[in-house]
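Each chain, letter by letter, is given below.
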Amino acid sequence: MKDTVKRTPEGIKLHTPEDFEGMRRAGRLAAEALDMIGPHVVPGVTTEALDTLLHDFMVDHGAIPATLDYKGYPKSCCISINEVVCHGIPGKRVLKERDIMNIDVTAILDGWHGDTSRMYTAGEPKKFARRLIDVTHETLMRGLATIKPGATFAEMGRAMQSYAESEKCSVVREFCGHGLGREFHEPPNVLHYQAGRTDQHFAMQQTKMRPGMFFTVEPMVNLGKRHTKVKPDGWTAVTKDGLLSAQFEHSLGVTEDGVEIFTLSPAGRFHPFGSAA
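Residues numbered from 1 in each chain as written. Predicted model: local features only at pLDDT ≥ 70, side-chain atom pairs only at ≥ 80, totals over all residues. Heavy atoms only, no water.

Engineer: Before we go on, may I ask you to explain the sheet that holds strand β15 (residues 245-247) in this structure?
Structural biologist: On the basis of which strands lie adjacent, the open sheet formed by 3 strands has the order β8-β12-β15 and antiparallel pairing. Here the strands that pair on one side only, and so sit at the sheet edges, are β8 (170-171) and β15. With 2 bridges connecting them, β8 and strand β12 (residues 220-222) associate as antiparallel partners. Paired with Ser170 across the bridge in β12 is Asn222. (Pairing = 2+ DSSP bridges. Helix = DSSP H or I, 4+ residues; strand = E, 2+ residues; numbered from the N terminus.)

Laid out in structure tokens, this is it:
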């Protein structure tokens, strides 16, 4: 079928009001999946068991887990514990008391991708871990607050980087948000920091947001330095210094006067300590 979606000169799709409705349904289902899994995140459970619950939830609600078999990825979600920055593969690892983790799901519903992640804790986290989660959540909120027609992606990146660094944390640069819709990943690349002139993404970050753009914002914030490395499995990214990392993610659309977040938690559980955002 011919692609009739309008695009910016940078190749970013500009979606229709009907497309917003498709993303609302997909985003809500993804958020409901993460609402569902919360009570199961407890010491003693395996990450594989959590993955199975999420897989079954999505399939039972008419969706397809987007990560399963995506470029060879073997599971239906990503579970990134403690020093794991992103793309942690569920398996036989057993959650321990005070573990913190990001759980990332993408549900394909009627062809639309709802992509979201949030933080969970197995038991009561240590104070510095709790603070990192709070800082990371606020980093995302600072970024979302900048989104409106005419704003640039650089402004959003600057808002997130400046806040996280003011709290003595660092923003990961090797991984970014992305456009999505009927495709899992497409333009633009959404940086969570402000690119310098020598950065390959500098020109793209000057792009102005326009109504109809769909993308994710998903800052990864480290307790220590920003640098990461990928384990031999080719997926699991960890902090180089072994310190904790946290992440929150929303899928959204730029509207005529601001932003619509597609992946808000229906149960008000996006933040593990009680924030409804």
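Engineer: Looking at this structure, how should I read the pairing of strand β11 (residues 214-217)?
Structural biologist: Working note: regular strand, side chains alternate between the two faces of the sheet. Of the two faces of β11, both are covered, the one formed by Phe214 and Thr216 as well as the one formed by Phe215 and Val217. Bridge analysis of β11 against strand β16 (residues 250-254) gives 4 bridges, and the strand direction is antiparallel. By the bridge assignment for β16, Phe214 is matched with Gly253. (Buried < 20%, exposed > 50% of the residue type's maximum accessible area, 1.4 Å probe, protein only.)

Engineer: Sorry, what's going on with the environment of Val171 here?
Structural biologist: Relative to the helices and strands, Val171 resides in strand β8. Look at Val171 and you get buried, because its relative accessible area is 3%. For the pair Val171 and Ala246, spaced 75 residues apart in sequence, the C-alpha to C-alpha distance is 10.0 Å. Ignoring sequence-local partners within four residues, the contact set of Val171 consists of Met160, Gln161, Ala164, His192, Met220 and Arg226. (Contact = heavy atoms within 4.5 Å.)

Engineer: Before we go on, may I ask you to explain the pattern of salt bridges in this structure?
Structural biologist: When the charged atoms of two side chains with opposite charge come close together, those side chains can pair. Using the criterion set out here, one finds 12 salt bridges in the structure. In this structure, Glu21 engages Arg25 in a salt bridge whose closest nitrogen and oxygen atoms are separated by 3.6 Å. Residue Glu21 and its partner Arg25 are both found in helix α1 (residues 17-37); the two are separated by 4 residues, about one turn of the helix. When its relative accessible area of 35% is taken as the criterion, Glu21 is described as partly exposed. A salt bridge links Asp35 to Arg118; the nearest nitrogen and oxygen atoms lie 2.7 Å apart. (Salt bridge = Lys/Arg side-chain N within 4 Å of Asp/Glu carboxyl O.)

Engineer: Please explain the packing of α1 against helix α2 (residues 47-60) as it appears in this structure.
Structural biologist: Helix packing geometry: the angle between the two helix axes and the distance between the axes. Running from N to C, α1 and α2 point in directions that differ by 140°, and their axes come no closer than 10 Å. When the axis of α1 is compared with that of α2, the two are oblique. Relative to α2, α1 is oriented so that their crossing is right-handed. Counting all contacts with α1, which are made through Leu29, Glu32, Ala33, Met36 and Ile37, the residues of α2 involved are Leu50, Leu53, Leu54 and Phe57. Residues of the contact of α1 with α2, tallied by class, amount to 8 nonpolar, no polar and 1 charged. (Axes fitted to C-alpha atoms, helices over the stretch in contact; angles between N-to-C directions. Parallel < 35°, antiparallel > 145°, perpendicular 65-115°, else oblique. Left-handed = near helix turned anticlockwise from the far one by under 90°. Nonpolar A, V, L, I, M, F, W, Y, C, P; charged D, E, K, R; others polar.)

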